[in-house]
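This is what each chain is made of:
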Amino acid sequence: MNSSGHRRSIRLKGYDYSTKGAYFITVCALDRKCLFGNIEYGEMRLNKVGETVKKYWEEIPLHFPHVKLNDYIIMPNHIHGILVIEDEIVGANNYSPSKVGLSKGTSKTIGSVIRGFKIGVTKWIRQHTKIEHIWQRNFYEHVIRNEDELNLVREYIQNNPKQWEMDRENPDAVDPSDELVF
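Definitions and cut-offs
Residues numbered from 1 in each chain as written. Predicted model: local features only at pLDDT ≥ 70, side-chain atom pairs only at ≥ 80, totals over all residues. Heavy atoms only, no water. Pairing = 2+ DSSP bridges. Helix = DSSP H or I, 4+ residues; strand = E, 2+ residues; numbered from the N terminus. Axes fitted to C-alpha atoms, helices over the stretch in contact; angles between N-to-C directions. Salt bridge = Lys/Arg side-chain N within 4 Å of Asp/Glu carboxyl O. Buried < 20%, exposed > 50% of the residue type's maximum accessible area, 1.4 Å probe, protein only. Core = buried A, V, L, I, M, F, W, Y, C linked by side-chain atoms within 4.5 Å. Expected span 1.5 Å × (residues − 1). Contact = heavy atoms within 4.5 Å. Phe/Tyr/Trp six-rings, centres within 6.5 Å; stacked < 30°, edge-to-face > 60°. Lys NZ or Arg CZ within 6 Å of the ring centre and 35° of its normal.

J.: Report on the sheet that holds strand E5 (residues 78-85), specifying residues and quantitative values.
T.: Ordered by their spatial adjacency, four strands build an open sheet running E4-E5-E1-E6, and the pairing between neighbours is antiparallel. Among the strands making up the open sheet, the edge pair consists of strand E4 (67-74) and strand E6 (140-144). Strand-to-strand twist of the sheet, defined as the mean angle between neighbouring strand axes without regard to direction, takes the value 20°. Two strands pair when backbone bridges link them, and E4 and E5 are joined in this way by six bridges, in the antiparallel orientation. Across the sheet, the residue bridging to Leu69 is Leu83, located in E5.

J.: Quick rundown of the pattern of salt bridges? Include the residues and the values.
T.: Overall, the coordinates contain five salt bridges when judged by the stated rule. A salt bridge links Glu43 to Arg45; the nearest nitrogen and oxygen atoms lie 3.3 Å apart. When its relative accessible area of 39% is taken as the criterion, Arg45 is described as partly exposed. Across the pair Arg126 and Glu132 runs a salt bridge whose closest N-O atoms are separated by 3.7 Å. Arg126 sits in the partly exposed class, given a relative accessible area of 41%. By relative accessible area, which is 43% here, Glu132 ends up partly exposed.

J.: With reference to specific residues and values, describe the pairing of strand E3 (residues 43-46).
T.: Inspection of the sheet shows strand E2 (residues 37-40) paired to E3 by four bridges, in the antiparallel sense. The residue of E3 that forms the bridge with Ile39 is Met44. From the end of E2 to the start of E3, which pair antiparallel, there are two residues, and Tyr41 there has a positive phi angle of about 50°.

J.: Report on the nonpolar core, specifying residues and quantitative values.
T.: One finds Ile25, Phe36 and Leu83 to be the most contacted residues of the largest nonpolar core, which totals 27 residues. Among the nonpolar cores identified, the runner-up in size contains 11 residues, and Ile73, Met75, Ile144 and Val153 belong to it.

J.: A description of helix H3 (residues 110-128) should follow, citing residues and the corresponding values.
T.: For H3, spanning 19 residues, the distance from its first C-alpha to its last is 27 Å, which sits close to the expected 27 Å at 1.5 Å a residue. Buried positions along H3 lie against strand E1 (21-28), helix H1 (48-58), helix H2 (60-63), E4 and E5.

J.: Got a sec to walk through the packing of aromatic side chains? Specific residues and values, please.
T.: The full count for this structure, using the stated rule, is six aromatic pairs. With 5.6 Å between their ring centres and 45° between their planes, Phe36 and Trp135 make a pair best called tilted. With Phe36 in the loop between E1 and E2 and Trp135 in the loop between H3 and E6, the pair connects residues that are 99 residues apart, well separated along the chain. Phe36 sits in the buried class, given a relative accessible area of 0%. Trp135 sits in the buried class, given a relative accessible area of 11%. Members of the aromatic cluster, connected to one another through ring pairs, are Phe36, Trp57, Tyr72, Phe117 and Trp135. Over the aromatic face of Tyr56 sits the side chain of Lys55, whose NZ or CZ is 4.5 Å from the ring centroid.

In structure tokens, the structure reads:
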């Protein structure tokens, strides 16, 4: 926080996060607690909480029809994913299905999508486990600017479980050094 008590934004100043395009997202568990499963022999093994995270991630397009999922991976204490915001689909009667259930304002931004995802998972976890606090505040995002970046991010996501020993999100990392550079 800065001296006025407000958190400094990690978002690009002036950028419209409802803009059509691809976004690399990372959402972390609070205090890097490994709540979603574990890595065995370089592969992620989801537990019940991890399966729930997967279910809610895959349901994002049901709640936000203008968003499509691309590659993603749920790790022991975070999720990496690529979300793609597309143009609204206009039906035969010029009704836009993506407006159903969405309010005006920031409801179509990446922030709104992640907020809805976190709320859904949190509600389920609180109803079915003794865990109260799940998510770290905020999330990381990167606007993917071209096909080369998209391929680099996909490769990073696919290889993430194999790199867990060195992952900066791993509380037991041997040598945290999994920086993704664009």
